[in-house]
Amino acid sequence: MSTTAKAQVPEHIKELVSFLNDRNPQVREQAVELVLGMCGTPEGHAQLVHTEATIYLCRMLGDSNEKIAQNAVQALINLSEDPHFVPKMLKGNVISRLLDMILENPNLSASTLQYCIQLLSNVSIDPEGAKKVLNLDEPTLKGYYLTKLVTLFLKQFEVTDSDKYGWVANILTNVTQLKEGRDMLMEPKRGIVKAVLPYIEYQHSPVRKRGVLAMLRNCLFEKDHHGQFLDPELDFLSFLLMPIRGNEVFSEEKDTVGMPRRLLNVSQQKIRDPDIETRRMVVDCLILLTSTKQGRQYLKDNKAFPIVREYDKNEEDEELSMTIYKLVHVLLLDDPEDEPSSSDQPLAIEPSPAQKQHTASSSTSSTSTPAPAPVPEPKIVELPDEPLPAAKPAAAPAASKPTVVEAKKIDVDEAGEPIEEL
């Protein structure tokens, strides 16, 4: 940080930020309320970016006064929308502080707990944050926090309650942007994939449902793990296809023999998932399964085609419909006995809006995924060994602001100096 940048910070802002580190809890409480208001505006971000506010707010996460801690979490959530602040948070040990609050403080209120999980979701979008969640720098603790977070995520809760653990799904998505995270989540002894599959159909918490699908989508980039997804005991396809399954009755033998029972016997009230992002991620997962001959055969044997065919007729989104069209043709093609190596590559996956947002926020140069070759017969598109930015395992979108924070006005006297309120 340059001396010039520091000099640009107004004196009254410097003084306000210094109060965040005051020994008097009443002073800290009033100071964090004022800073919280500033964190809700771009102007406030500009005033705080060259101060120690981020470090002080991270320290306040462990404050014995929960009101102070909660306001600090909310302020950090708002600041985490700005990529300039996240490295400062990581430097301030925000990950370990948050995990201590989430895992070690049984007296934490539900609202503060939910804010902590949302903030952990936001900061783990950064790959360095994801590494810290996985404890990759501490071999003896590798995966410890991940196991604890999954346990919380799988806790039962009443649907009338706020889903305070729902944002853990986005943390799981974020750690699977790393190969180490994908490998860890796919370890058979952990049983994580089987445990989270039911949430693909979960309508009471869109965050939970989308997060699980995004996590599975990221894991499907690892072809070495496809065998686990194809295990009949997992019954993966019957969960994955349910969001795009309508109430159609399949009676012809060519459509029904091999179809999982859950998919074959649905009620007449069954409707497709109304959430387009859910449907988009289901299609992405199916496309990634076509990246190997084994996966394509699995989809054909389990009669994915009739369900995708009927879904194709009903999808109103034009862009998604074009992707489904390519998938349908892949499912209709017969694989040659000696297939070329290029056929072990998935169709190009276009980025979802959330992925585009993440790519832009991380200042990654945008590179288009290769388009299907214009040949008479549809072919599987070859992708490079390392997925392009648009198609790589993606982090979850940032949590929205937990509250609408009104920026508090700092009153000034006739001379333009701030009126002391602390």
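What counts and how
- Residues numbered from 1 in each chain as written.
- Predicted model: local features only at pLDDT ≥ 70, side-chain atom pairs only at ≥ 80, totals over all residues.
- Heavy atoms only, no water.
- Phe/Tyr/Trp six-rings, centres within 6.5 Å; stacked < 30°, edge-to-face > 60°.
- Buried < 20%, exposed > 50% of the residue type's maximum accessible area, 1.4 Å probe, protein only.
- Helix = DSSP H or I, 4+ residues; strand = E, 2+ residues; numbered from the N terminus.
- Arc of directions from axis to C-beta.
- Contact = heavy atoms within 4.5 Å.
- Salt bridge = Lys/Arg side-chain N within 4 Å of Asp/Glu carboxyl O.
- Axes fitted to C-alpha atoms, helices over the stretch in contact; angles between N-to-C directions.
- Parallel < 35°, antiparallel > 145°, perpendicular 65-115°, else oblique.
- Left-handed = near helix turned anticlockwise from the far one by under 90°.
- Nonpolar A, V, L, I, M, F, W, Y, C, P; charged D, E, K, R; others polar.
- Expected span 1.5 Å × (residues − 1).
- pLDDT = per-residue confidence, 0-100.
- Disulfide = S-S within 2.5 Å.
- Polar contact = N/O pair within 3.5 Å; in protein donor to acceptor, adjacent residues only side chain to side chain.

## Quick word on the packing of aromatic side chains
Alright, step 1. Applying the stated criterion across every chain yields a total of 4 aromatic pairs.
Alright, step 2. Where Tyr-199 meets Tyr-202, the ring centres are 5.5 Å apart and the plane angle is 75°; that geometry is what we call edge-to-face. This pair shows no difference in class: Tyr-199 is buried, exactly as Tyr-202 is.
Alright, step 3. Relative to Phe-236, the ring of Phe-229 lies with its centre 4.8 Å away and its plane at 55°, an arrangement referred to as tilted.

## Describing helix 8 (residues 94-104)
Alright, step 1. Along helix 8, the residues that are buried comprise Val-94, Ile-95, Leu-98, Leu-99, Met-101 and Ile-102. All buried residues of helix 8 project into a common sector of 160° when viewed along the axis, lining one side.
Alright, step 2. Here the buried face of helix 8 lies against helix 5 (53-59), helix 6 (66-79), helix 7 (86-91), helix 9 (110-123), helix 10 (127-133) and helix 11 (144-153).

## Let's talk about the pattern of salt bridges
Alright, step 1. All told, the structure shown has 23 salt bridges when counted by the stated rule.
Alright, step 2. Between Glu-222 and Lys-179 there is a salt bridge whose closest N-O contact spans 4.0 Å. Separated by 43 residues along the polypeptide, Glu-222 in the loop between helix 15 (206-219) and helix 16 (226-229) and Lys-179 in helix 13 (residues 179-185) bring together distant segments of the chain.
Alright, step 3. For Glu-187, the salt bridge goes to Arg-190, with nearest N and O atoms at 3.0 Å.
Alright, step 4. For Arg-190, a relative accessible area of 26% translates into the label partly exposed.
Alright, step 5. When salt bridges with common partners are traced through the structure, they connect Glu-252, Lys-254, Asp-255, Arg-309, Glu-310 and Lys-313 into a single cluster.

## Topic: the packing of helix 8 against helix 11
Alright, step 1. Contact pair helix 8 / helix 11: the axes reach a minimum separation of 11 Å and the direction vectors enclose 45°. One way to sum up the angle between helix 8 and helix 11 is to call them oblique. Two packed elements cross with a definite hand, and for helix 8 against helix 11 that hand is left-handed. Of the residues in helix 11, those touching helix 8 at Leu-99, Asp-100, Ile-102, Leu-103 and Glu-104 are Tyr-144, Tyr-145, Lys-148, Leu-149 and Leu-152.
Alright, step 2. Looking at the contact of helix 8 with helix 11 residue by residue, the class counts come to 7 nonpolar, no polar and 3 charged.

## Description of the packing of helix 8 against helix 9
Alright, step 1. Closest axis-to-axis distance for the helix 8/helix 9 pair is 10 Å, and the angle between their directions is 150°. Comparing the axis directions of helix 8 and helix 9 gives the class roughly antiparallel. The handedness of the crossing between helix 8 and helix 9 comes out as left-handed. Contacts between helix 8 and helix 9 involve Val-94, Ile-95, Leu-98, Leu-99, Met-101 and Ile-102 from the former and Thr-112, Leu-113, Cys-116, Ile-117, Leu-119, Leu-120 and Val-123 from the latter.
Alright, step 2. Its residues assigned to classes, the contact of helix 8 with helix 9 comprises 12 nonpolar, 1 polar and no charged.

## Some points on helix 20 (residues 276-289)
Alright, step 1. Across its 14 residues, helix 20 extends 20 Å between first and last C-alpha, which sits within 8% of the 20 Å expected from 1.5 Å per residue.
Alright, step 2. In terms of burial, helix 20 is a largely internal element, 13 of the 14 residues being buried.

## Observations concerning unusual backbone geometry
Alright, step 1. Despite not being glycine, Asn-135 shows a phi value in the positive range, around 60°.
Alright, step 2. As for its placement among the helices and strands, Asn-135 is situated in the loop between helix 10 and helix 11.
Alright, step 3. Take Asn-135: its relative accessible area is 2%, and that puts it in the buried class.

## Things to note about the confidence of the model for the protein chain
Alright, step 1. Counting all residues, the mean pLDDT for the protein chain is 81, and 76% of those residues have values of 70 or more.
Alright, step 2. Put simply, helix 24 (residues 353-361) is where the protein chain has its lowest mean pLDDT, 32, and helix 5 is where it has its highest, 97.
Alright, step 3. Low pLDDT, under 50, characterises residues 1-5; the stretch is placed with 4 contacts to residues that sit more than four places away or in other chains.
Alright, step 4. Low pLDDT, under 50, characterises residues 401-410; the stretch is placed with 23 contacts to residues that sit more than four places away or in other chains.

## A few points about the state of the cysteines
Cysteine pairs can be linked by a disulfide, which is a covalent bond between their two sulfur atoms.
Alright, step 1. Considering all chains together, one arrives at 0 disulfides under this definition.
Alright, step 2. For Cys-219, which is in no disulfide, the shortest distance to another cysteine sulfur is to Cys-285 and amounts to 9.5 Å.
Alright, step 3. By relative accessible area, which is 0% here, Cys-219 ends up buried.

## Comments concerning the environment of Ser-205
Alright, step 1. Mapped onto the secondary structure, Ser-205 falls in the loop between helix 14 (192-196) and helix 15.
Alright, step 2. The buried category is assigned to Ser-205, whose relative accessible area is 6%.
Alright, step 3. Remark: the alpha-carbon pair of Ser-205 and Ser-162, spanning 43 residues in sequence, is separated by 9.0 Å.
Alright, step 4. Polar contacts involving the side chain of Ser-205 include one to the side chain of Asp-163, which spans 2.8 Å.

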